[in-house]
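Topology and contacts: notes
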Amino acid sequence: MRRFEEVDSTNRWLLDEARRGAPEGLVAVADHQTAGRGRLGRTWEAPPGANLLMSVLLRPCEGPAPLAVDRLHLVTAAVALAGRAAARSVAGVEAMLKWPNDLLVGEAKLAGVLAESALPAVVVGIGLNVGWAPPGAACLGASFARDDVLEALLVALGERCGRWDEVAVEHRRACSTIGRSVRVELADETFTGVAADVTDEGHLLVDVGVCLRTVAAGDVIHLRPT
Ligand code: BT5
């Protein structure tokens, strides 16, 4: 494990290490990120020392139980589910998944997950709000230690890695997007419908009345039931 007082992004650092051949299981943790990354070029915010900011390097397509490339989303799901398990075991906080991989408490974001690949390596980062959250978001509470959350998360991740079919089942169960009315925001289009399921490839199926639309990547907004 590599710990940083400050780094631009734990994902960026670990991707560079992955390209240099670093082994599976290498973890980067930072007290502070100066350029924390979200999805789609967005930024991830956290004041120094407040939240869990970590990334893990996995090589899921190698080894004795290789994961098919079209199921790679399960690696991201495993990290999100491990974060959910850690929030529950350390703080008693019940979070649900919002597709694709946010952790929500109610409708407030507790954690975000970002997977980036340098195939065959995959780097999955998670920012989990422990002591601080921006307005409208959620955190566990300042009394909880980031290292306790980190340890619980790594144990929970170890239990899930390689058990990809179980991860897929748990992911569907924990995904509060399924069954919800949603607005889907794509780069060039927005539409609404009811989220019906998540496919084996991790795509969201949205019932738009006349057909099911498949969403591979994009932003989903949970709408209040009408
Ligand atoms: C994510 O992106 O949710 C993925 C975040 C991944 C962060 C981790 S930290 C360790 C590792 N190293 C990195 O550089 N990144 C990963 P996205 O779904 O695009 O959400 C980003 C949006 O969430 C921002 O545009 C803000 O609106 C909001 N946001 C930023 N910081 C937040 C926070 N601490 N809590 C809740 N929401 C936040």
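On a predicted model such as this, the values are computed, not experimentally measured, just so you know.

Looking at the side chain of E17
- With respect to the helices, strands and loops of the structure, E17 is situated in helix α1 (residues 10-19).
- A relative accessible area of 18% places E17 in the buried class.

Overview of the packing of aromatic side chains
- Across all of its chains, the model carries one aromatic pair by this definition.
- Ring centres of F4 and W13 lie 5.1 Å apart, and the angle between their planes is 75°; this geometry places the pair in the edge-to-face category.
- Accessibility expressed as a relative area gives 11% for F4, which makes it buried.
- Sitting above the plane of the F191 ring, R213 keeps its charged end 4.1 Å from the centroid.

Overview of the pattern of salt bridges
- Throughout the structure, instances matching the rule amount to 20 salt bridges.
- A salt bridge links E94 to R88; its shortest N-O distance comes to 2.8 Å.
- We note a salt bridge from R160 to E170, for which the minimum N-O separation is 2.9 Å. Remark: E170 occurs in helix α4 (residues 164-174) and R160 occurs in helix α3 (residues 146-160); sequence separation between them is 10 residues.
- Through salt bridges with shared partners, a single ionic network connects D8, R12, D16 and R19.

Some points on helix α2 (residues 73-91)
- In this model α2 runs 27 Å from its N-terminal to its C-terminal C-alpha over 19 residues, within 8% of the 27 Å that 1.5 Å per residue would give.
- Burial of α2 is extensive: 16 of the 19 residues sit out of reach of the surface.
- Count one or two residues on from α2 and you reach G92, which has phi positive near 70°.

Observations concerning the site of the ligand
- Lining the immediate environment of the ligand, one finds 27 residues, of which S9, R37, R42, E45 and K109 sit closest.
- In this structure, a nitrogen atom belonging to the ligand sits 3.5 Å away from a main-chain N or O atom of N11.
- Between the ligand and R39, the relevant distance is 2.9 Å, taken from an oxygen atom to a main-chain nitrogen or oxygen of the residue.
- Coverage of the ligand by the protein amounts to 88% of the 800 Å² it exposes when considered alone.
- For the shell around the ligand, the secondary-structure elements that each account for two or more residues are α1, β3 (52-58), β6 (108-118) and β7 (121-128).
- Among the elements that line the shell around the ligand, the one with the most residues is β6, at four residues.
- Here the residues of the shell around the ligand are counted per class, giving nine nonpolar, 12 polar and six charged.

What about unusual backbone geometry?
- Omega for the peptide link from W99 to P100 comes to 5°, which places this bond in the cis form.
- Cis geometry marks the peptide bond from L119 to P120; its omega dihedral reads 10°.
- Its identity is not glycine, yet L40 carries a phi of approximately 50°, on the positive side.
- Here L40 is to be found in the loop between β2 (27-30) and β3.
- The exposure class assigned to L40 is exposed, which follows from its relative accessible area of 64%.

Notes on the state of the cysteines
- Per the counting criterion, the structure on display carries zero disulfides.
- Free of any disulfide, C211 has its nearest cysteine sulfur in C175, 20 Å distant.

So, the environment of A35
- Positionally, A35 belongs in the loop between β2 and β3.
- The spacing of A35 and V7 is 28 residues in sequence and 7.9 Å in space, taken between C-alpha atoms.
- Sequence-distant contacts of A35, defined by excluding residues within four places in its chain, comprise D8 and S9.

Considerations on the packing of α2 against α3
- In contact at an axis separation of 8 Å, α2 and α3 are set at 130° when each is read in the N-to-C sense. Taken together, α2 and α3 sit at an angle that is classed as oblique. In the crossing of α2 with α3, the sense of the turn from one axis to the other is right-handed. Of the residues in α3, those touching α2 at A78, V79, L81, A82, G83, A85, A86, S89 and V90 are D148, V149, A152, L153, A156, L157 and R160.
- Of the residues contributing to the contact of α2 with α3, the split by class is 12 nonpolar, two polar and two charged.

About the thresholds
- Residues numbered from 1 in each chain as written.
- Predicted model: local features only at pLDDT ≥ 70, side-chain atom pairs only at ≥ 80, totals over all residues.
- Heavy atoms only, no water.
- Helix = DSSP H or I, 4+ residues; strand = E, 2+ residues; numbered from the N terminus.
- Buried < 20%, exposed > 50% of the residue type's maximum accessible area, 1.4 Å probe, protein only.
- Phe/Tyr/Trp six-rings, centres within 6.5 Å; stacked < 30°, edge-to-face > 60°.
- Lys NZ or Arg CZ within 6 Å of the ring centre and 35° of its normal.
- Salt bridge = Lys/Arg side-chain N within 4 Å of Asp/Glu carboxyl O.
- Expected span 1.5 Å × (residues − 1).
- Near = heavy atom within 4 Å.
- Polar contact = N/O pair within 3.5 Å; in protein donor to acceptor, adjacent residues only side chain to side chain.
- Areas by Shrake-Rupley, 256 points an atom, 1.4 Å probe, with all protein chains shown as cover.
- Nonpolar A, V, L, I, M, F, W, Y, C, P; charged D, E, K, R; others polar.
- Disulfide = S-S within 2.5 Å.
- Contact = heavy atoms within 4.5 Å.
- Axes fitted to C-alpha atoms, helices over the stretch in contact; angles between N-to-C directions.
- Parallel < 35°, antiparallel > 145°, perpendicular 65-115°, else oblique.
- Left-handed = near helix turned anticlockwise from the far one by under 90°.

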